[in-house]
Amino acid sequence: MSTSETMYTDRGAQRSMERPATMTAEEPPGLVRAPKPQDGHGHAGGHHIFELPRVTALLMHALPRFIEGVIAPVAVFYAALMVLGLNGALVAAVAWVYGGIVYRYVRGHPVSGMLMLAAVGVTVRAALAAATHSAVIYFLQPTLGTLAVSIAFLASVPLRRRSR
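Just so you know, these numbers come straight off a predicted model, no measurement behind them. (Residues numbered from 1 in each chain as written. Predicted model: local features only at pLDDT ≥ 70, side-chain atom pairs only at ≥ 80, totals over all residues. Heavy atoms only, no water.)

> Outline the confidence of the model for the protein chain, supporting the account with residue identities and numerical values.
Averaged over all residues, the pLDDT of the protein chain equals 75, while 68% of them reach at least 70. Of the regions scoring below 50 in pLDDT, residues 1–19 engages in 6 contacts with residues more than four places distant in sequence or in other chains. (pLDDT = per-residue confidence, 0-100. Contact = heavy atoms within 4.5 Å.)

Right, here's the structure in full:
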């Protein structure tokens, strides 16, 4: 790094620590104020004000994912359970998840690591349910996993460990 780059970097760091002219002496240096909009589009001097989307827009975005990830797998499992029995229902539930992955891949959409982990989890759940011949085991496993994490969290509270 040359001397001029070092001086530029140091001046930049110095400027970032200076108190803006709009702050009062009582306000902490880390406080950031949102600019007030100058026009009707939320713009003020080149800055954009963050606005939460409408509740209807959030619901319209979340609803298809909720149906795909929660409602449909249960409906697929139940329908297959009535028609094909327990093992057929387990195969149908696993096929639903992997079908979603294949659909995303074929359409060119990204397949998240979380979705891949969910697929592995559903496969393990289905294998354990098939081994025990129990649909209760299939649906009870996520609840037991949440319970185990909760107990581990509660057990760690008295230890008062601090992150560094």
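> Now, about the side chain of Arg125: what can you tell me, with residues and values included?
Counting through the fold element by element, Arg125 comes out in helix α3 (residues 113–132). Here Arg125 is in contact with Tyr138, Phe139, Gln141 and Pro142, once residues within four sequence places are set aside. (Helix = DSSP H or I, 4+ residues; strand = E, 2+ residues; numbered from the N terminus.)

> Tell me about unusual backbone geometry, and name the residues and values.
Here the phi dihedral of His133 falls at roughly 55 degrees; this positive angle occurs in a residue that is not glycine. Along the chain, His133 turns up in the loop between α3 and α4 (135–156).

> I'd like a rundown of α4, residues and numbers included.
Spanning 22 residues, α4 covers 33 Å between terminal C-alpha atoms, matching the ideal 32 Å at 1.5 Å per step. Along its length, α4 shows its largest kink, about 35 degrees, at Gln141, and proline Pro142 lies within four residues downstream of that point. Two or three places before Val136, at the opening of α4, Ser134 has a side-chain oxygen 3.3 Å from that residue's backbone nitrogen. (Expected span 1.5 Å × (residues − 1). Bend = angle between axes of the 7 residues up to and from the residue. Polar contact = N/O pair within 3.5 Å; in protein donor to acceptor, adjacent residues only side chain to side chain.)

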